[in-house]
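So you can see what is in the structure, the chains are spelled out below.
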Amino acid sequence: MLKQTFLGRDEIPACRACGGIVKTATISFGQAMPREAMARAETATLACDLFLVLGSSLVVYPAAGFPALAKRNGTRLAIINREPTPFDDLADIVLHDEIGPILSAVVPPN
């Protein structure tokens, strides 16, 4: 119901119980990453054969460490970001451009 309020009126809904802001499943700066989510990300990183970085500066850890983990595991790394990242030299391909047009060129929208 709260999500529909946001989508329908473009307003951030307040929590009915505490009055605080209802937010999506995001992590704010200073908050710890959930252990279970990090474990799933590590498992997926080690299982993939192509690791895509889409629109990330790759400077916020621990998540920024996953591309290096993928490369150490022999995975190909592709980075699409408007600006250079600290991992550009490690990547197999780097495109400094907008994500939408690049991905639309590869997989046209339906």
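Parameters and conventions
- Residues numbered from 1 in each chain as written.
- Predicted model: local features only at pLDDT ≥ 70, side-chain atom pairs only at ≥ 80, totals over all residues.
- Heavy atoms only, no water.
- Pairing = 2+ DSSP bridges.
- Helix = DSSP H or I, 4+ residues; strand = E, 2+ residues; numbered from the N terminus.
- Axes fitted to C-alpha atoms, helices over the stretch in contact; angles between N-to-C directions.
- Contact = heavy atoms within 4.5 Å.
- Core = buried A, V, L, I, M, F, W, Y, C linked by side-chain atoms within 4.5 Å.
- Buried < 20%, exposed > 50% of the residue type's maximum accessible area, 1.4 Å probe, protein only.
- Patch = residues over 30% accessible without salt bridge, like charges linked within 9 Å, V, L, I, M, F, W, Y side chains within 5 Å.
- Areas by Shrake-Rupley, 256 points an atom, 1.4 Å probe, with all protein chains shown as cover.
- Salt bridge = Lys/Arg side-chain N within 4 Å of Asp/Glu carboxyl O.
- Right-handed = clockwise from strand over helix to strand, strands pointing away.
- Lys, Arg positive; Asp, Glu negative; His and termini not counted.
- Polar contact = N/O pair within 3.5 Å; in protein donor to acceptor, adjacent residues only side chain to side chain.

S.K.: Describe the sheet that holds strand β3 (residues 93-95), and please don't skip the residues or the numbers.
M.R.: Each strand in a sheet pairs with its neighbour through backbone hydrogen bonds, running either in the same direction (parallel) or in the opposite one (antiparallel). An order of β1-β2-β3 is seen for the three strands of this open sheet, with the pairing classed as parallel. Only two strands of the sheet have a single neighbouring strand rather than two, namely β1 (50-54) and β3. The average undirected angle you get between the axes of adjacent strands in this sheet is 10°. With three bridges connecting them, strand β2 (residues 76-80) and β3 associate as parallel partners. Residue Ala-78 lies in a different strand from β3, and its bridge partner there is Ile-93. Contacting β1, β2 and β3, helix α4 (residues 99-106) runs over the sheet at an angle of about 130° to β2.

S.K.: Go over the nonpolar core with me, naming the residues and quoting the values.
M.R.: Core analysis: the biggest nonpolar cluster contains twelve residues, these being Met-38, Phe-51, Val-53, Leu-58, Phe-66, Ala-68, Leu-69, Ala-70, Leu-77, Ile-79, Phe-87 and Ala-91. Where this core is concerned, the elements lending two or more residues are β1, α3 (66-72) and β2. The dominant element in this core, judged by the number of residues it contributes, is α3, at four residues. Dropping the residues within four chain positions of it, Phe-66 is found in contact with Met-38, Ala-41, Glu-42, Thr-45 and Phe-51.

S.K.: Describe a nonpolar patch on the surface, naming the residues involved and giving the relevant values.
M.R.: A grouping of Leu-50, Leu-52, Leu-54 and Leu-103 is seen on the molecular surface, where their side chains present a nonpolar patch of about 330 Å² in accessible area. Of the residues examined, Leu-103 reaches a relative accessible area of 34% and is grouped as partly exposed.

S.K.: Can you break down the pairing of β2 residue by residue, with the values?
M.R.: For β2, the buried fraction is high: four of the five residues fall into the buried class. Inspection of the sheet shows β1 paired to β2 by five bridges, in the parallel sense. Residue pairing for β2: Leu-50 is matched across the bridge by Arg-76. In this fold, the crossover linking β1 to β2 by way of α3 has right-handed handedness.

S.K.: Give me the side chain of Asp-88: which residues, what numbers.
M.R.: Checked against the element boundaries, Asp-88 lands in the loop between β2 and β3. It turns out Asp-88 is buried and unbridged, and the closest side chain with the opposite charge, Lys-71, is 12 Å from it. Separated by 2.7 Å, the side chains of Asp-88 and Thr-85 make a polar contact. Setting aside its immediate chain neighbours within four residues, Asp-88 contacts Ile-79, Val-94 and His-96.

S.K.: Any details on the pattern of salt bridges? Residues and values, ideally.
M.R.: Close approach of charged atoms allows side chains of opposite charge to pair. According to the stated counting rule, one finds four salt bridges in the structure shown. The salt bridge partner of Asp-92 is Lys-71, with a shortest N-O separation of 2.9 Å. Taken as a pair, Asp-92 in the loop between β2 and β3 and Lys-71 in helix α3 lie far apart in primary sequence, 21 residues in all. On the basis of relative accessibility, which here comes to 22%, the residue Lys-71 falls in the partly exposed class. Among the ionic pairs, Arg-76 bridges to Asp-92, the shortest N-O distance being 3.8 Å. Of the two residues, Arg-76 is situated in strand β2 and Asp-92 in the loop between β2 and β3; the sequence distance between them amounts to 16 residues. According to the relative accessible area criterion, Arg-76 is exposed, its value standing at 54%. Look at the salt bridges and you will find they share partners, linking Lys-71, Arg-76 and Asp-92 into a network.

Any functional reading would require information that these geometric values do not contain.
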